[in-house]
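Each chain, letter by letter, is given below.
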Amino acid sequence: MKKKWIDLGNKERIYYLEEGIDNSETLILIHGNMSSSVHYKNLINILKDQYHIYALDLRGFGDSTYHTPIDSLEDFSDDVINFTELMGISKYYLAGWSTGGAIALKIAAKRNNDVQKLILIESCSYRGYPIFKKDALGQPLIGEYYSNKEEMAKDPVQVLPMELCFKNNDIATMKYIWDAVIYTVNKPSPEDDSLFLNETMKQRNIVDVDWGLTTFNMSNFSNGVTLGDNSIKDVKCPVISFWGDKDITVLEYMIDETVEALINVEKVILEDCGHSPLVDCPELLSNKIIKFLQ
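Undergrad: Would you mind going over the nonpolar core with me for this structure?
TA: Here is a general trend for soluble globular proteins: nonpolar side chains tend to be buried in one another's company. Grouped together as the largest cluster of nonpolar side chains are 49 residues, with contacts concentrated most on Leu-27, Ile-119, Met-174 and Phe-242. When residues in this core are grouped by element, the largest group, five residues, is from helix 11 (residues 282–293). In this structure, Leu-27 is in contact with Leu-47, Tyr-51, His-52, Ile-53, Tyr-54, Tyr-93, Leu-94, Ala-95 and Ile-119, ignoring residues within four places of it in sequence. The next biggest cluster of nonpolar side chains, apart from the first, holds 47 residues, and it includes Tyr-16, Tyr-54, Phe-83 and Trp-243.

Undergrad: It is not clear to me how helix 6 (residues 171–182) should be interpreted in this structure. Could you clarify?
TA: Residues three or four positions apart in an α-helix share a direction because the helix packs 3.6 residues into each turn. Here helix 6 spans 15 Å end to end across twelve residues, near enough to the 16 Å set by a 1.5 Å rise per residue. Of all the residues in helix 6, the buried ones are Met-174, Ile-177, Trp-178 and Ile-182. Along the axis of helix 6, the buried residues cluster in a sector spanning 95°; they form a single face. With respect to the buried face of helix 6, the exposed residues turned more than 90 degrees away are Ala-172 and Tyr-176. Those residues of helix 6 that are buried lie in contact with strand 5 (92–97), helix 5 (160–167) and helix 7 (190–200).

Undergrad: I would appreciate a short explanation of the side chain of Asp-155 in the present structure.
TA: Along the chain, Asp-155 falls in the loop between helix 4 (149–152) and helix 5. Here Tyr-146 takes part through its side chain, which lies 2.7 Å from a polar atom of the side chain of Asp-155. Not counting residues within four places of it along the chain, the set of residues in contact with Asp-155 comprises Ile-131, Phe-132, Lys-134, Tyr-146, Leu-160 and Pro-161.

Rules used in this analysis
- Each chain has its residues counted from 1, running along the sequence as written.
- Reporting of local features is limited, given that this is a predicted model, to residues whose pLDDT is at least 70; pairs of side-chain atoms are given and counted only at 80 or more, and all residues count toward the totals for whole chains, interfaces and linings.
- Side-chain numbers come from the whole structure's heavy atoms, not from hydrogens or water.
- The term nonpolar core refers to a set of buried residues drawn from Ala, Val, Leu, Ile, Met, Phe, Trp, Tyr and Cys, joined through side-chain atoms within 4.5 Å.
- Relative accessibility decides the category of a residue: with a 1.4 Å probe and only protein chains considered, values under 20% of the type maximum give buried, values over 50% give exposed, and everything between is partly exposed.
- Where helices and strands are cited, they refer to DSSP runs of H or I of at least four residues and of E of at least two residues respectively, numbered from the N terminus.
- We call two residues in contact when some of their heavy atoms are within 4.5 Å.
- In this scheme, a helix's expected span is set at 1.5 Å multiplied by one less than its residue total.
- Directions from the helix axis toward the C-beta atoms define the arc.
- N or O atoms closer than or at 3.5 Å make up a polar contact, with two conditions inside protein: a donor-capable atom paired with an acceptor-capable one, and, for residues adjacent in sequence, both atoms drawn from side chains.

Right, here's the structure in full:
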């Protein structure tokens, strides 16, 4: 899977995978935190016979540049919108996995005439993903939030260890984390595992993304850190939201928050599936996506 690249108007160079059939319907894939376009490999291989697929490395992930740090997840959304404009893509289906789901929601709100259908895969809530302060034992203090990025960067459980992992290129620890938290049902093949881990370790923006997750809020009220912009009301297209019943990263209540806020939405529970149906059940996920898009 060879990546192509394009320079955006903001001077960032975005790398992407392009697969599938020319002149067929376009499907754009947005990856999550600690990943890249390559993590969609299994899904792309199944869907490329039906759609014209673009999978992007977001700014600061994979091979894409990170000249200007993001201030919010909306910066990623703007990058993707800029990409579609430069590529001449005016109507498309959009999928987002995990953090990518939040980014996709924002794109669907800002470009509701362009996004025809939206696929959320283990997506964080439209109210963001909370990172709570920790007590002396490292347990979360539910409802107590960090007041700024610098304070959150010192979080001893969710943030600082991950930043050090990237800084030290600690692939062994990263593999342990993915096996314990993401791949809670199936594991990728040894070849894919090595490929995915190498892509993961290219990330340069972990603290900025974590802060972006805590401050992301498309509701019309505060999520404890920021006041929402009520942009969830601008998502007009049909939506399908997938959640694996063995997911310990994005909990079901987070999925339900978004589902309850949308107008035209279907929630699908994937049985015996963790946070990565891209590995746990790519065939089942693909079949359900095809049915939804048809």
